[in-house]
Every structure is written in C-alpha cells, then in structure tokens.
Amino acid sequence: MDRLEFLKRLGVLTVGASLMGSGVSAMAAEAEDIPEIAADKKIKTKMPVMDAGLSKPVTVMIIGAGGRGRTYARYAEKFPQSMKVVGVADLNPNRRKAMAKKHNIPAENQFGHFNDALSKAKLADAVVIATPDNLHYEPCMKALELGYDVLLEKPVAPTERECRAILKQAHKYNRIVAVCHVLRYAPYFVALKQVLESGAIGDIVNIQHFEPIRYAHMAHSYVRGNWPLSTKTTPIILAKSCHDLDILRWLIDKPCETIAAEGSLHLFRPENAPKGAPERCTDGCPHEAECPYSAIDIYERRKQHLGAFDLPRKDPALIREKLKTTNYGRCVFRCENDQCDHYVAIMKFQDGVTASFSMDAFTPWGVLRTRIMGTKGFIEGDMTTFTFYDFRTSHKSVWDQKVSEIPEYKGSGHGGGDHLLVRDFLRAVSAQDEKLLSSTIDVSIESHVMGFMAEKSRKSNKKMKI
Ligand SMILES: NC(=O)c1ccc[n+]([C@@H]2O[C@H](COP(=O)([O-])OP(=O)(O)OC[C@H]3O[C@@H](n4cnc5c(N)ncnc54)[C@H](O)[C@@H]3O)[C@@H](O)[C@H]2O)c1
C-alpha cells in the first residue's frame, strides 16, 4: 500500500489536507480532486470592550469566595465604576476575610454560611452564587425571593426538578438569572457563531465536538478534588460538559430532539492500583517516579492546579503539607470516585441535524476542538483559532485574534468569556433587561435537560427523547 492509499484508508485526506504538509496536499489534490486552498484570508471580528461602562456601579454580594467567586469579583477591581462588591459569604474564614479586605466590605456584610447572608434584608443589587454544585439551589431560590438578580454558576442544580424550580422562581419574582455558560461570551465562540449566521457555511448538517479534559486536570478535579462523586455533586456530563452541550445547542440554533450516551470510569478504580501503592503518593509509593498522576509530580514539581490550596507562596514544603493532609495527596486509585473518565454522546436536533460529543480525560491538553460540516463549507477550530473552508471558491479564511494579548482581558479565563459574561450581567441588571444576556435561565435549562437525558441514556442503555 503506498502512502496515498494508506492516508485514504485512514480517511484523513479530505479534512487533513492543510495539516499534513504540502507534499500530501498536492498528492491529495491530484488523486481526489480536492480543491487547492487559496492563500489565507483573515476573518476579523470586533473585540468587545470589557468595561460595562455604567454610570453607577452595580452592587454585588459574592456567595462562595473560592476560585470562581474570586474570578468574578476581580472584575470589580478592574472596573470599579461598573461593579462594587459589598458583601461576601463563605464558610472558609480565610477566603471570606481575603475577599472582605480586597473590597473593603463592612463587617456587618461578611457572613459564613449563605443562610446567614440571605436571612438579612437585601443588601446589594445582585448576588453571585459560586458555591459547590449541590449548594446552588437553596441560595438561589432564597436570593430570588429576596429580590436579588443572580449570576449563577453552572451547573444550575444537580437535578432537573431543581433546575425547573429555579426557572419558575425567576419568573415568579421577575428576576434576572444569568447562568455562567461563559463560552457563549468568549470572542472565539462569538466569532464562530457570526460566521455560521452569515450563511457562508450553508446549512449546518453535523458537528463533531471534543472536550479534552487533560489527564492531570481529571485527577485534580474529578478524582481527588471537588467533583469525584456524581451523586454528591453532578454527573460529569453536567459538572464538566454542560458548557459543551450548551454551545452545541447555541451554534446549531435548533432544539435537540434525541440523545444517546455511553461512557464509564475506565482507569481510576481500586483494582487498577499498582502493587504496593500506598494511600498517598507521599507515603513512599514505589511507583511515584513513573506514575503520570503522582501528586508530587503534578503539584510539587510542575506547580499545577495550586489555586485550590490557598497558599501564600508556591513553597514546596507548604505544598507537601497539603499533599499529606488533603485529598489532593491521595493515590488516584483509592479516592472513592465514580465520575466517568470518558463519555460520548450522539444528538439529533430539529431537521435531522446531528452532533457527536466526546469528553476524554486522557489527553495532554485541555482546549476544545470543534468541526462543523455545512452544505457549503467546513469549519475546524481549537478555541484559539478556527478555519473556514469554502467549497465553491476553495478559499480558506482564518480567525486567530489574540485575545490573551488584550490588556483589559487579563485575569479573565475561558478566552475572555468570564469577564465578558460579568459585563453583560451588569448591563442587564443595570437596565433591568435580561435580553442583554446570551445565557438566560430559560435557554440554559434547555441544555441542562440534554445533560440529564444523556446521563439517563448512559445508565439505561436507551436513546432518550428531549
Ligand atoms: N463556569 C465555569 O466555567 C466553571 C468553572 C469551574 C467551576 N464552576 C462551578 O463554580 C462553582 C464553584 O466552583 P469553584 O471551583 O469556585 O469551587 P471552590 O471550592 O473553589 O469554591 C466554592 C466556595 O464555596 C464555599 N462554600 C461551601 N459551602 C458554603 C456555604 N454553605 N456557604 C457559603 N460558602 C460556602 C467554599 O468554602 C468555597 O470557598 C461550582 O458549582 C463549579 O461547578 C464553573
């Protein structure tokens, strides 16, 4: 079999021509009449201004001053004319005090449990709810009743019943609830959506969407850390991937009709522990030197995912202490976890449009990959760059604007999406107009239901109707 035949059998020629090097492109064009790709053209989109530009700051109470609560509060440090943090609730006294100090929050507006904060009269225009997944429902229901608008972390709640109750409560009290589906606000996805809406690709026929988690991130978050048990938090299809289902629904812009899913926990199970592995990596594990999931390697040597430790500095002795005393030092094969480490779902949307989704722990990187097949063109992207191929003209156009280099975007994760969401939320609260948001509670519940149905399908071995 010659090289061309081999590549044909692999099926890489049609989509891979530009990736495989010029020699292969030329061969492919000759053999399969694949159009020559014209010189690059840039797709330019206007980068949104990050400041909400309000004349009076929206006042906000942060409920849950952990990783996400701090991310959203950082917006107020950068744009104090548009947002002011006036209250905080967190059970962790260090996090609470740190937030209070940074934002000059008066003592009477500092709380431990969210119940204490929400048993008082309304003290701000809005609340940010960034507590763990199973602690969104209660504070959100109460905050809406008190008349707060809410920036609500995803997933909305662990059950469909609670999600629908929050939706009902938002309508009942006529309040704004923005769900933190931050990808909808990232300039990369906004540009992608604009190209789709321009009609250049024709009708969308199918999407392949891949969410690579990254092996160390999987171990950190879904084996050792905050979300190891689907029953205590939410199944990984919601805890990690509700963003992705939401993006698919948003890009296709049609309701999802059916979903079928498969997946399991392949690796991080007690029976896979290598012989002699102790409870913790720090207990002299004989496999430490070669285990890719070694806590010593991930946290101490590579200094990854240290945000969860609240350390004053990245001192190896302080990190080692955390590995000896918290779940983050445990052997990944002995963590009482049940989240799937690989998950696939097949969806059918209105008009027969299909999508396949794949989430995987076993990857070296963690950025989303998306391929969109249209009747007139094809798009392939990796969350920093996407390329549009036009079938008729053979032209290729690239969107590759460097979001990370824009100074006012610094400190906003998810390709700028974190703070652009806050910006739109503040504008919506200020104008009391939820139409200024892309991720209202109504549309967010729809994509959450897709996640609940995916999990039902995986467990029951049945295709589910949405
Ligand atoms: N939108 C996104 O892209 C994204 C990314 C990561 C996490 N999340 C979600 O954000 C939420 C928070 O995640 P995180 O990574 O910030 O977690 P975290 O553990 O860093 O923060 C949660 C905070 O809530 C506090 N808390 C717990 N119980 C409380 C209570 N009863 N009253 C007051 N405070 C309480 C904890 O002390 C902690 O500081 C989760 O629901 C998570 O799934 C969303």
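Residues numbered from 1 in each chain as written. Predicted model: local features only at pLDDT ≥ 70, side-chain atom pairs only at ≥ 80, totals over all residues. Heavy atoms only, no water.

Notes on the packing of helix α4 (residues 67-78) against helix α5 (residues 93-103)
Heads up, the condition is: Angles run from 0 to 180 degrees between N-to-C directions of axes, and those axes are lines fitted to C-alpha atoms, restricted for helices to the stretch in contact. Elements are defined by DSSP. Helices are runs of H or I of four residues or more, strands are runs of E of two residues or more, and each kind is numbered from the N terminus. Reported orientations rely on four angle classes, namely roughly parallel under 35 degrees, roughly antiparallel over 145, roughly perpendicular from 65 to 115, and oblique for the rest. We call two residues contacting when some pair of their heavy atoms lies within 4.5 Å. Throughout, the ten residues Ala, Val, Leu, Ile, Met, Phe, Trp, Tyr, Cys and Pro are labelled nonpolar, Asp, Glu, Lys and Arg are labelled charged, and all others, Gly among them, are labelled polar.
The contact between α4 and α5 brings their axes to 11 Å, and the two run at 10°. What the angle tells us is that α4 and α5 run roughly parallel. Residue-level inspection shows G69, R70, A73, A76 and E77 of α4 in contact with α5, the latter providing R95, M99, K102 and H103. Across the contact of α4 with α5, the residue classes tally to 3 nonpolar, 2 polar and 4 charged.

Brief notes about the sheet that holds strand β6 (residues 149-152)
To keep things clear, this is the line we draw: Criterion used throughout: strands pair if DSSP finds at least two bridges between them.
Judged by pairing direction, the sheet is parallel, and its 6 strands sit side by side in the order β4-β3-β2-β5-β6-β7 without closing on themselves. Unpaired on one side and paired on the other, β4 (110-111) and β7 (177-179) mark the two borders of the sheet. In this structure, strand β5 (residues 126-129) lies alongside β6, joined through 4 bridges in parallel fashion. Following the sheet pairing, V128 is matched in β6 by L151. Taken strand by strand, α4 contacts β2 (58-63), β3 (83-89), β5 and β6, and its axis lies near 145° from that of β3.

Section: the pairing of β2
For clarity, the threshold we go by: Only protein chains enter the accessibility calculation, which uses a 1.4 Å probe; a residue whose area is less than 20% of its type maximum is buried, one above 50% is exposed, and one in between is partly exposed. The crossover handedness rule: strands pointing away from the viewer, path from first strand over the helix to second strand clockwise, crossover right-handed.
Burial analysis of β2 places 5 of its 6 residues in the buried class, which makes it a mostly covered element. As paired strands, β2 and β3 are joined by 6 bridges and run parallel to one another. Looking at β3, one finds that I63 is bridged to A89. With α4 bridging β2 and its parallel neighbour β3, the resulting β-α-β unit is right-handed.

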